[in-house]
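One letter stands for each residue in the lines below.
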Amino acid sequence: MNLYIVEDSVLIQNRLVRFVEEVPGMHVLGVASDMGSAYQALLGNDADALILDLQLADGNGLQLLRNIKQSRPAIKVVILTNHATENNRVLALRAGADGFLDKSTDFGSLQDYLLRWQQPDSNHQIN
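Residues numbered from 1 in each chain as written. Predicted model: local features only at pLDDT ≥ 70, side-chain atom pairs only at ≥ 80, totals over all residues. Heavy atoms only, no water.

The name given to the chain in an unreviewed UniProt entry is Response regulator transcription factor, with the source organism recorded as Undibacterium umbellatum.

Spelled out as structure tokens, the structure:
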């Protein structure tokens, strides 16, 4: 499964790349720290999944989520954020997120998402 990461913190980017590459069958296609370059990259590659932060230097990840889901509805998207309020969770799921995780408490659950998404019957949303 090909995965793309959109995260503005270089420290978290590096941690995510190492973490994802330990998951069997996962390949990180690339990393972006802003919405503009992420959107262009995602339109031009064959990513199956996306890890997306909500707070980016050039805007809100929810807008990027809406744009990506409109252009590529089959891509799986998990929000990984430090701003894990109930309101943000609801907004993200309504915008098309397939999952929503808090960076400070749910980082370890990310592997569960990725493994489940590799299953043939992975058309369901995980909350």
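Resuming the write-up.
**Describing helix H1 (residues 10-21)**
Stated formally: Secondary structure is summarised from DSSP: a helix means a run of H or I of at least four residues, a strand means a run of E of at least two, and numbering begins at the N terminus for each. Given the number of residues in a helix, its expected span is that number minus one, multiplied by 1.5 Å. The classification of residues rests on relative accessible area computed with a 1.4 Å probe and restricted to protein chains. Under 20% of the type maximum is buried, over 50% is exposed, and intermediate values are partly exposed. Comment: arc refers to directions from the helix axis out to C-beta atoms. Two residues qualify as a contact provided that any one of their heavy atoms is within 4.5 Å of a heavy atom in the partner residue.
The end-to-end C-alpha distance of H1, which contains twelve residues, comes to 16 Å, matching closely the 16 Å that a straight helix rising 1.5 Å per residue would cover. Among the residues making up H1, those that are buried are Ile 12, Gln 13, Leu 16, Phe 19 and Val 20. Looking straight down H1, one finds its buried side chains confined to an arc of 135°; they lie on one side. Exposed and facing more than 90 degrees away from the buried side of H1 are Val 10, Leu 11 and Arg 18. Contact partners of the buried residues in H1: strand S1 (2-6), strand S2 (27-32), strand S3 (49-52), strand S6 (76-81), helix H5 (103-106) and helix H6 (110-117).

**Observations concerning helix H4 (residues 86-94)**
Every buried residue of H4 is accounted for by Asn 88, Ala 92 and Leu 93. Projected down its long axis, H4 shows its buried positions confined to an angular sector of 130°, all on one face. Projecting away from the buried face of H4 at angles above 90 degrees are the exposed residues Glu 86 and Arg 94. At its buried positions, H4 is contacted by helix H3 (61-71), S6 and strand S7 (99-102). One or two residues past the end of H4 sits Gly 96, with phi positive at roughly 115°.

**Re the UniProt feature "modified residue: 4-aspartylphosphate" (unreviewed entry) in the chain**
Rule in force here: UniProt positions are given in the numbering used here, feature names are shortened, and annotations may be inferred rather than shown by experiment.
Summarizing the sequence annotation, UniProt attributes the feature "modified residue: 4-aspartylphosphate" (unreviewed entry) to Asp 53 in the numbering used throughout. Its location among the elements puts Asp 53 in the loop between S3 and strand S4 (55-56). Residue classification places Asp 53 among the buried positions, given a relative accessible area of 4%.

**A word on the UniProt feature "domain: Response regulatory" (unreviewed entry) in the chain**
The feature "domain: Response regulatory" (unreviewed entry), as given by UniProt, occupies residues 2-118 in the numbering adopted here. Helix makes up 45% of residues 2-118 and strand 25%, with an end-to-end C-alpha separation of 10 Å.

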